[in-house]
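Here is what each chain is made of, one letter per residue.
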Amino acid sequence: SVTSAAVVTEDVKVIPTENQIKELLENPTFEMSSDEKAFVTFTLNEDYEIVVLTVDTDNASVDKFVKTRLNYHKIEGGLEVGPEYKVPILIQYEA
């Protein structure tokens, strides 16, 4: 399962996109042996689609998974086009 914290930046207050991001990251498709944490930095393009800028992780599988799942998926909920947003994620290992 995936846990995601609310998106909070200096320019934007708590934003109701947490559940949308969490849903996009459900059911990981890579092998895991422990929980995986990462910070995802993204922006929105003019179509309100996520454009992942960085995934702060040492695990290449997590990086690829997050980018594949989030890039160019449209989200709703008050984010503005242009600013960068950073969200912590936790992909939980299930034995």
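Refer to the structure above for everything that follows.
Here goes a summary of the coordinates provided. Just so it is clear, the structure is predicted and the values come from calculations on it, not from any experiment. (Residues numbered from 1 in each chain as written. Predicted model: local features only at pLDDT ≥ 70, side-chain atom pairs only at ≥ 80, totals over all residues. Heavy atoms only, no water.)

**Description of the environment of glutamate 76**
And step 1. Residue position: glutamate 76 is located in the loop between helix H2 (60-70) and strand S4 (85-91).
And step 2. Sequence spacing of glutamate 76 and glutamine 20 is 56 residues, and the spatial spacing of their C-alpha atoms is 8.2 Å. (Helix = DSSP H or I, 4+ residues; strand = E, 2+ residues; numbered from the N terminus.)

**Observations regarding the pattern of salt bridges**
And step 1. Per the counting criterion, the structure on display carries 1 salt bridge.
And step 2. The residue lysine 67 makes a salt bridge to aspartate 63 at a minimum N-O spacing of 3.2 Å. Residue lysine 67 and its partner aspartate 63 are located together in helix H2, separated by 4 residues, close to a single helical turn.
And step 3. Aspartate 63 sits in the partly exposed class, given a relative accessible area of 21%. (Salt bridge = Lys/Arg side-chain N within 4 Å of Asp/Glu carboxyl O. Buried < 20%, exposed > 50% of the residue type's maximum accessible area, 1.4 Å probe, protein only.)

**Section: the side chain of threonine 43**
And step 1. With respect to the secondary-structure elements, threonine 43 resides in strand S2 (residues 36-44).
And step 2. On the basis of relative accessible area, threonine 43 is assigned to the buried category, the value being 13%.
And step 3. From its side chain, threonine 43 meets the backbone oxygen of glycine 82 in a polar contact 3.1 Å long.
And step 4. For threonine 43, the side chain forms a polar contact with the main-chain oxygen of proline 83, separated by 2.9 Å.
And step 5. Leave out the neighbours within four places in its chain, and threonine 43 touches Glu49, Ile50, Val51, Leu53, Gly82 and Pro83. (Polar contact = N/O pair within 3.5 Å; in protein donor to acceptor, adjacent residues only side chain to side chain. Contact = heavy atoms within 4.5 Å.)

**What about the pairing of strand S3 (residues 50-56)?**
And step 1. As paired elements, S2 and S3 share 6 bridges and run antiparallel to each other. Its bridge partner being in S3, threonine 41 is matched across the sheet by threonine 54. (Pairing = 2+ DSSP bridges.)

**What about the packing of aromatic side chains?**
And step 1. For the structure shown, the criterion picks out 2 aromatic pairs.
And step 2. Plain terms: the ring middles of phenylalanine 42 and tyrosine 85 are 5.7 Å apart, the flat faces sit at 35 degrees to each other, and that makes the pair tilted. You can see phenylalanine 42 sitting in strand S2 and its partner tyrosine 85 sitting in strand S4, a full 43 residues away along the chain.
And step 3. Among the residues examined, phenylalanine 42 registers a relative accessible area of 1% and is labelled buried.
And step 4. Directly above the ring of phenylalanine 39 sits lysine 86, whose terminal nitrogen or CZ lies 5.0 Å from the centroid. (Phe/Tyr/Trp six-rings, centres within 6.5 Å; stacked < 30°, edge-to-face > 60°. Lys NZ or Arg CZ within 6 Å of the ring centre and 35° of its normal.)

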